[in-house]
Amino acid sequence: MKTFFSVNDAGDIQTLVDTALMYKQHPLLHKAGGKDKRLGLLFLNPSLRTRISTQIAAANLGMDAIVFNVDKDGWRLEFEDDVVMNGTTVEHIKDAAPVLGQYFDILAVRSFPGLLSKQDDYSEQIIHQFAKHSGIPVLSLESATRHPLQSLADIVTMEEVLRAGTVKHRPKVVLTWAPHVKPLPQCVANSFAEWVIAWQHADFVIAHPEGMELDPKFTKGATIEYNQDKAIADADFIYVKNWSSVEPYGKLLEAKHDWMLTPERLSVTRNAGIMHCLPVRRNVELSGALLDSANSLVTRQAGNRVWSAQSVLAKMLGL
Amino acid sequence: MKTFFSVNDAGDIQTLVDTALMYKQHPLLHKAGGKDKRLGLLFLNPSLRTRISTQIAAANLGMDAIVFNVDKDGWRLEFEDDVVMNGTTVEHIKDAAPVLGQYFDILAVRSFPGLLSKQDDYSEQIIHQFAKHSGIPVLSLESATRHPLQSLADIVTMEEVLRAGTVKHRPKVVLTWAPHVKPLPQCVANSFAEWVIAWQHADFVIAHPEGMELDPKFTKGATIEYNQDKAIADADFIYVKNWSSVEPYGKLLEAKHDWMLTPERLSVTRNAGIMHCLPVRRNVELSGALLDSANSLVTRQAGNRVWSAQSVLAKMLGL
Amino acid sequence: MKTFFSVNDAGDIQTLVDTALMYKQHPLLHKAGGKDKRLGLLFLNPSLRTRISTQIAAANLGMDAIVFNVDKDGWRLEFEDDVVMNGTTVEHIKDAAPVLGQYFDILAVRSFPGLLSKQDDYSEQIIHQFAKHSGIPVLSLESATRHPLQSLADIVTMEEVLRAGTVKHRPKVVLTWAPHVKPLPQCVANSFAEWVIAWQHADFVIAHPEGMELDPKFTKGATIEYNQDKAIADADFIYVKNWSSVEPYGKLLEAKHDWMLTPERLSVTRNAGIMHCLPVRRNVELSGALLDSANSLVTRQAGNRVWSAQSVLAKMLGL
C-alpha cells in the first residue's frame, strides 16, 4: 500500500476491519513489526484525536513517530510549478517533500480544505504532491475532501456492534446532515459515504436539506432523501454530521434547526446507534440527551481510531 | 490512587517523599513497571519545568508519554450542562474526556485559574470534570487553586536538607508573599501551605501584607504574620512567592517593594534556605544576589520535580 | 566535547565526517551507546529539518530526546546581569539554564539573530550563557552567527561526492550570495566559510556583490570575488545562499536578480554540484530548473543532516 487517501486505496475493506478488531484484542501482537521504522506526522492543520490515536497505533507496532505541527501560515508551501517565489510561500513542495522522504519510512499528512475554491480543494493537490515528491508511502490524516482513517474506524464500530449480535438483519445506515454555526468541510461525509457504499454490508441512505447535495462521485449507490424522518425510519445506525454546501461551494446555508436529532426522534428507528466523528456541538448538531444516552457510539468510534490506524500502518509496513 | 489533586489525595506524605528520594538515587529501578502504560499530558496552559520533569519521570518508569498542548483559545471546552453550544466552545468535557480515557492509562492535566471569579476557580470544575468523565486516574499538573507536584518537590527538597543534618532542631518554615508586576494565581502558595501543615514536621508561619490573606481552608494550623522580619526570624527555610489577592479576587494590590528579600535580610534567620518554584523575576520578587548565593535551593527544587512526579506516577501505577 | 558552536569545537573535521558517513551505512551501530541519556532540544526559533534530523540522530544512538518549542515572545529570557526584571522578560538565564542542566545530559539550543545589532548578535551571548549556566554539554542548532550542524552536513555531502570519484582533482568550492526578498541571517554563510577553510581539502572562493562582505573572521583564507561568472568558472561545488549585509548590519540591499544561478550559467563550471541549506525560494534564489536538475545536491544535504548530528552527538557522548 503506497498511499492511503481514499477507499480506493484500501484493498479489501473487510480485511482491514478484521485486522483492526484483532488489534483491539491484541494491541501489542506486532510490537516488533515496526521496529526501527519511522513515521512522520505532518499537521498543516490542528488535530487531537487523529494525532493521539495514530501515535498510539504507531507505538503499538513498535514504530518511532515524530510529530511536527506546521500551521499553514508559519511555513507556507508552494504547489504551483515554475512560479517566482517572491511572495508569501517559503518552500516548494518539490523541495520539502523529498527531504521528508529522506527522514521517514511512512509520511502521514493532515491538510484541511480552504473552502474557497471547489476546484482547488477537490483536486487534492496537497496530499497528491506529498505522495509524488516524497518517494515514500503517504497516509492521509484528513485531506481536503476525505478522512479515510475516520471512515475505517466508523465501519469498525458498526462491525463491532453487528458482531455483538443485536442486529439480525441487513443493517440500515443513514448519514444525515446536521446544523452547525460555521461552514465545515465535506470530508467526513464524503468519506463515510464512499466507505459504506464500498463495504456493501448495509442499505445506505443520505439525508439532507435540498441544496446540500454532496458531490455525486462520493454518493453513487446511495439513496438520497430530503425528509429526515423518512430517512431514519428503521435505521440501525445514524451518522450525524454537518457539512457546508458543495454548490455554491463552502457556504453555511439556512440554520435548519429542526434537523437536530433528539431521543424522541429515534422512536421511528430500530433503536439506532448514533455516530459522530467529534468534536460535536451539543444541542446544535445533536442533542446532549442523545449523546448521553446508551444509543451513542461516539466514544467507541473515537477509541476505534487507534485500531483502524494500526490496521492501515500494519498493511503499509507489509505486516 | 485515582486522583492526585491535593494533599488529601497523597496518602502518607512521608512515604511519597521517601519514594521520591529513593528514585533520586535509583532513577531506573522500576523501568519495567510502567511498560506499555500510556500517560497523556494535556496542557490547557503552557509549561516548561512541569512538562519536562513529568515526561522524564514517566520515561524513568518505562511509560509512554504523549504531550498535547491545547491552548484554551484554540480548543475551547464547554463545562456547563445542557448549554446550546452555538458560541465559542467547540467541545463539551462530557465528550472530550471519555475519549482521552480510551487512549490513556493515566491523564495529567494543567489548567490555570482565570482569576476573574473566585467561585469558578475555587470550584476546580475543570480538573474535577476531567476526572469524572475520563474514567481513568487523573493527575494535576497545576490546577486553578493548587500545584501538588510542586509542593511535593518542595517537601522533598526540605527533607533532603534535613537529612544532610545541618538543621538539628524542629525546622521553622516560612512562606512569604513577595512583590510582582502582575496578578498571579494563589496555587503554589495554597498548595505549599496545605502540604507543610499536613507534613507536620515543621513550625509553619505565613507572612504577607494585610489584605493578602490566603483562603483559610489552606492555612488552618499556620501562624499568620504581617511583619516579614518578625516572621523570618530564626527561619530554616523561606519559601518566597507572589500571589494576587483573594479578596477582592485576583488583584495586584500595592507594590510593597520592601517585601523583597535580600542577603542582608537573612541575618535574622538561621542561615535559611531560600525556595521558589520558578520562574522568578530577579530583583522584583527576590534579589539576584540571594538567588546566586549558597542559600538558594531553587535549582534543587526544580530538579526534584522529576522525583516527586515519579513517586506519584509509581503510586498511581501501583508499583 | 563540551560545546559544539563552531568549527573550533569540532576537533579533527575529517574524523567527524568519516563517522557521519559510517553512520549513514550503519545507522544503528551505536543504538546502545546513548541508552538512558537524555537530549533536550530547546527551540527559541522554529525548525523543521534541524529538529527532525537531530531527533532521528538521537534515536539512532538510543537517546531520549525531549523537544520544547519556546518562542521568544512566549518565554522571554533575560540575559543582562543585575537588572530589575519588571519588564517583559520572565526568567533569567541564570535561573533557567541550571534547571535544564538538571534534566538533560546534553542540551541543544536554536536561537536566531535579531539582526538589529551586530554587537549583540556577534557576541553570541545566548548560546554562550546556556553553556555557562547549564553545566552540561551544549550543542548549537543554529545560533546568531553560525549553523555548524548544517556546515558539517555540507562537508559530508561534498566528501560523499568526492568519494564517488568523478572529481579527480583538488575541488574548487564556491560560496555565492544569491538574491532574496527579505534580510536573512549570515549564519549559514559564515559557518560554511569557516568549515571549508578549516577542512583544507578545497580551493575556496566567496562571490558576492560589493558591499555584501561577510565578517572577515569567518572568511580569512578565502578568495573574495565580485564577479559571479569569474568566481564559478571551473567550480566543482557551488553553495548558493542569501545573506543580509554585515555593514550596515542586517539590511536587504539591492535586488541583484542577475545573481540568480540557472542551468545555462553552469556552462563555465565543471558540471558543478549545486548546494543550498533549504528552504529555498525558487526562481528568486535559485532557478527551479537547476533545483530539478541532476546537479542539485540539496535533498542529499538535508538527508545528511541526520548523520552529521549523529556524529556530533556520538562524540559528545564519548562513543
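Residues numbered from 1 in each chain as written. Chains lettered and ligands numbered in written order. Predicted model: local features only at pLDDT ≥ 70, side-chain atom pairs only at ≥ 80, totals over all residues. Heavy atoms only, no water.

Chemist: Just to check I follow, could you spell out the overall build of chain A for this structure?
Modeler: Helix and strand counts for chain A stand at eleven helices and twelve strands. In terms of C-alpha radius of gyration, chain A reaches 20 Å, essentially the compact-globule figure of 20 Å for 319 residues. Judged by the C-alpha coordinates and their principal axes, chain A covers about 55 × 45 × 30 Å. The buried share of chain A, reckoned over its 319 residues, is 63%. Taking the intrachain contacts of chain A between residues at least 6 apart in sequence as the baseline, contacts between residues at least 24 apart amount to 80%. Accessible area for chain A stands at about 11,700 Å²; split by element, carbon and sulfur atoms hold 49% of it. Within chain A, the 36 negative side-chain charges are centred at a point lying 5 Å from the centre of the 33 positive side-chain charges. (Helix = DSSP H or I, 4+ residues; strand = E, 2+ residues; numbered from the N terminus. Rg over C-alpha atoms; globule rule 2.2 N^0.38 Å. Buried < 20%, exposed > 50% of the residue type's maximum accessible area, 1.4 Å probe, protein only. Contact = heavy atoms within 4.5 Å. Areas by Shrake-Rupley, 256 points an atom, 1.4 Å probe, with all protein chains shown as cover. Lys, Arg positive; Asp, Glu negative; His and termini not counted. Charge placed at Lys NZ, Arg CZ, Asp CG, Glu CD.)

Chemist: Explanation requested: the packing of aromatic side chains in the structure shown.
Modeler: The geometry of two aromatic rings is summed up by the distance between their centres and the angle between their planes. All names here are of chain A. In this structure the tally under the stated criterion is 21 aromatic pairs over all chains. When the ring of tyrosine 122 is compared with that of phenylalanine 218, the centres are 6.2 Å apart and the planes differ by 70°; the resulting orientation is edge-to-face. Separated by 96 residues along the polypeptide, tyrosine 122 in helix H4 (residues 118-123) and phenylalanine 218 in helix H8 (residues 216-219) bring together distant segments of the chain. The buried category is assigned to tyrosine 122, whose relative accessible area is 12%. Under the relative-accessibility criterion, phenylalanine 218 is labelled buried at 1%. (Phe/Tyr/Trp six-rings, centres within 6.5 Å; stacked < 30°, edge-to-face > 60°.)

Chemist: Just checking my understanding: could you explain the interface of chain A and chain C for this structure?
Modeler: It is common to give the size of an interface as the accessible area lost on bringing the parts into contact. Listed by partner, the interface residues are 25 residues for chain A and 26 residues for chain C. Between chain A and chain C, roughly 2,100 Å² of surface is buried when both sides are summed, and carbon and sulfur atoms account for 58% of that area. Our enumeration of links across chain A and chain C arrives at four salt bridges. On inspection of chain A and its partner chain C, the count reaches eleven residue pairs in polar contact (both at pLDDT 80 or more). Residue assignment for the side of chain A that touches chain C shows that the elements contributing at least two residues are strand E3 (64-69), strand E5 (91-92) and helix H3 (93-103) of chain A. (Buried area = accessible area lost by both parts, 1.4 Å probe. Salt bridge = Lys/Arg side-chain N within 4 Å of Asp/Glu carboxyl O. Polar contact = N/O pair within 3.5 Å; in protein donor to acceptor, adjacent residues only side chain to side chain.)

Chemist: I would appreciate a short explanation of unusual backbone geometry in the present structure.
Modeler: Between glutamate 247 of chain B and proline 248 of chain B the backbone carries a cis peptide bond, its omega angle lying at -5°. By the element assignment, proline 248 of chain B lies in the loop between strand E11 (237-241) and strand E12 (273-275). Proline 279 of chain B follows leucine 278 of chain B through a cis peptide bond whose omega is 0°. Structurally, proline 279 of chain B is set in the loop between E12 and helix H10 (288-291). The phi dihedral of asparagine 283 of chain C is positive, around 65°, even though this residue is not glycine. In this structure asparagine 283 of chain C comes out as partly exposed when scored by relative accessible area, which is 22%.

Chemist: What is the right way to look at the domain arrangement of chain A in this model?
Modeler: Residue and element names in this part refer to chain A. Its domain assignment divides chain A into domain 1 (3-146 + 305-317) and domain 2 (148-302). Computed over C-alpha atoms only, the centres of domain 1 and domain 2 are separated by 25 Å. Contacts between the two partners involve 35 residues from domain 1, matched on the other side by 35 residues from domain 2. For the domain 1 face of the interface with domain 2, the top three residues by lost area are Leu115, Tyr122 and Arg305, together amounting to 24%. One can count four salt bridges joining domain 1 with domain 2. Linking domain 1 with domain 2 are 15 residue pairs in polar contact (both at pLDDT 80 or more). (Domains from an automatic or database assignment.)

Chemist: Any chance you could explain the relation of the copies chain A and chain B here in plain terms?
Modeler: Taken together, a rotation about one axis and a shift along it account for how the two chain copies relate. In screw terms, the move from chain A to chain B is a rotation of 120° and a rise of 0.0 Å along the axis, fitting with an RMSD of 0.0 Å. What the superposition gives is, in effect, a three-fold axis relating one chain to the other. (Least-squares fit on C-alpha atoms with pLDDT ≥ 70 in both.)

Chemist: Hey, could you run me through the side chain of glutamate 225 of chain B in this one?
Modeler: Residue and element names in this part refer to chain B. Following the sequence through the fold, glutamate 225 ends up in strand E10 (residues 223-225). The class of glutamate 225 is buried, set by a relative accessible area of 16%. Among the polar contacts made by the side chain of glutamate 225, one reaches the main-chain amide nitrogen of asparagine 227 at a distance of 3.1 Å.

Chemist: Hey, could you run me through the sheet that holds strand E10 (residues 223-225) of chain C in this one?
Modeler: Residues and elements named next belong to chain C. Overall, parallel pairing links the five strands, which are arranged E10-E9-E8-E11-E12 in an open sheet. On the outer flanks of this sheet lie E10 and strand E12 (273-275), each paired with one strand and no other. Across this sheet, the average inter-strand angle for adjacent strands is 20°, counted without regard to direction. Examined bridge by bridge, strand E8 (residues 172-177) and strand E9 (residues 203-207) share five bridges and lie parallel to one another. (Pairing = 2+ DSSP bridges. Axes fitted to C-alpha atoms, helices over the stretch in contact; angles between N-to-C directions.)

Chemist: I tried to follow helix H3 (residues 93-103) of chain B on my own but got confused; where do I start?
Modeler: Across the eleven residues of H3 of chain B, ten count as buried, placing the element largely inside the fold. Of all the positions in H3 of chain B, only Ile93, Lys94, Asp95, Ala96, Ala97, Pro98, Val99, Leu100, Gly101 and Tyr103 of chain B are classed as buried.

Chemist: Looking at this model, I keep getting lost on the sheet that holds strand E6 (residues 106-110) of chain A. Mind explaining?
Modeler: Whenever strands of a sheet pair, they do so through backbone hydrogen bonds, lying parallel or antiparallel. If you walk across this open sheet you meet the five strands as E1-E7-E6-E2-E3 (chain A), and the pairing is parallel. The sheet terminates laterally at strand E1 (3-4) and E3 of chain A, the two strands that pair on one side only.

Chemist: What exactly am I supposed to notice about the interface of chain A and chain B here?
Modeler: The interface of chain A with chain B comprises 26 residues on the first partner and 25 residues on the second. When the two sides are added together, the surface that chain A and chain B hide from each other amounts to roughly 2,100 Å², 57% of it contributed by carbon and sulfur. The interface formed by chain A and chain B includes four salt bridges. A salt bridge links arginine 49 of chain A to glutamate 91 of chain B, with the shortest nitrogen-to-oxygen separation between them at 2.9 Å. At the junction of chain A with chain B, the criterion picks out eleven residue pairs in polar contact (both at pLDDT 80 or more). Listed by contribution, the elements that provide at least two residues to the side of chain A that touches chain B are helix H2 (49-60) and helix H11 (298-317) of chain A. The residue inventory of the side of chain A that touches chain B, partitioned by class, reads 13 nonpolar, six polar and seven charged. (Nonpolar A, V, L, I, M, F, W, Y, C, P; charged D, E, K, R; others polar.)

Chemist: Could you clarify how one ought to interpret the pairing of E8 of chain C in this entry?
Modeler: All names here are of chain C. Among the six residues that make up E8, six are buried, leaving the element largely enclosed by the rest of the structure. Of the two faces of E8, the one lined by Lys172, Val174 and Thr176 and the one lined by Val173, Leu175 and Trp177 are each fully buried. For the handedness criterion, the β-α-β arrangement of E8, helix H7 (residues 187-199) and E9 is classed as right-handed. (Right-handed = clockwise from strand over helix to strand, strands pointing away.)

Chemist: Is there a simple way to explain the side chain of serine 244 of chain C in this structure?
Modeler: Residue and element names in this part refer to chain C. In this fold, serine 244 is placed in the loop between strand E11 (237-241) and E12. With a relative accessible area of 2%, serine 244 lands in the buried category. Within the structure, the side chain of serine 244 is placed 2.7 Å from the backbone oxygen of leucine 184, a separation counted as a polar contact. With sequence-adjacent residues up to four places away left out, serine 244 is seen in contact with Leu115, Pro183, Leu184, Gln186, Met212, Gly250 and Lys251.

Chemist: Explain the packing of H3 of chain A against helix H2 (residues 49-60) of chain C to me, please; I cannot follow it from the model alone.
Modeler: For any two helices packed against each other, one specifies the inter-axial angle together with the distance between the axes. Contact geometry for H3 of chain A and H2 of chain C: axes closest at 11 Å, N-to-C directions at 10°. The angle between H3 of chain A and H2 of chain C places the two elements in the roughly parallel class. Where H3 of chain A abuts H2 of chain C, its residues Val99, Leu100 and Tyr103 of chain A lie against Arg49, Ile52, Ser53 and Ile56 of chain C. Here the contact of H3 of chain A with H2 of chain C is composed, by residue class, of five nonpolar, one polar and one charged. (Parallel < 35°, antiparallel > 145°, perpendicular 65-115°, else oblique.)

Chemist: Help me understand the packing of H3 of chain B against helix H5 (residues 125-134) of chain B, please; the structure alone is not making it clear to me.
Modeler: All names here are of chain B. Remark: H3 packs on H5, axes separated minimally by 8 Å, with the N-to-C direction vectors making an angle of 60°. Judged on the interaxial angle alone, H5 and H3 are oblique. Relative to H5, the crossing made by H3 is right-handed. Across from Ile93, Lys94, Ala97, Pro98, Leu100 and Gly101 in H3, the residues of H5 making contact are Gln129, Phe130, His133 and Ser134. In terms of residue class, the contact of H3 with H5 is made up of five nonpolar, four polar and one charged. (Left-handed = near helix turned anticlockwise from the far one by under 90°.)

Chemist: What should I look at first to understand the pattern of salt bridges in this one?
Modeler: Pairing between side chains of opposite charge can happen when their charged atoms approach one another. A complete count under the given rule lists 51 salt bridges over all chains for this structure. Across the pair lysine 24 of chain B and glutamate 160 of chain B runs a salt bridge, and its minimum N-O distance is 2.6 Å. Placement of lysine 24 of chain B in helix H1 (residues 13-25) and of glutamate 160 of chain B in helix H6 (residues 148-164) is noted, with a sequence separation of 136 residues between them. What makes lysine 24 of chain B partly exposed here is its relative accessible area of 26%. When its relative accessible area of 17% is taken as the criterion, glutamate 160 of chain B is described as buried. For lysine 35 of chain C, the salt bridge goes to aspartate 36 of chain C, with nearest N and O atoms at 3.4 Å. A relative accessible area of 54% places lysine 35 of chain C in the exposed class. In this structure aspartate 36 of chain C comes out as partly exposed when scored by relative accessible area, which is 35%. One connected set of salt bridges, linked through shared partners, spans Asp81, Lys94 and Asp95 of chain A together with Arg282 and Asp292 of chain C.

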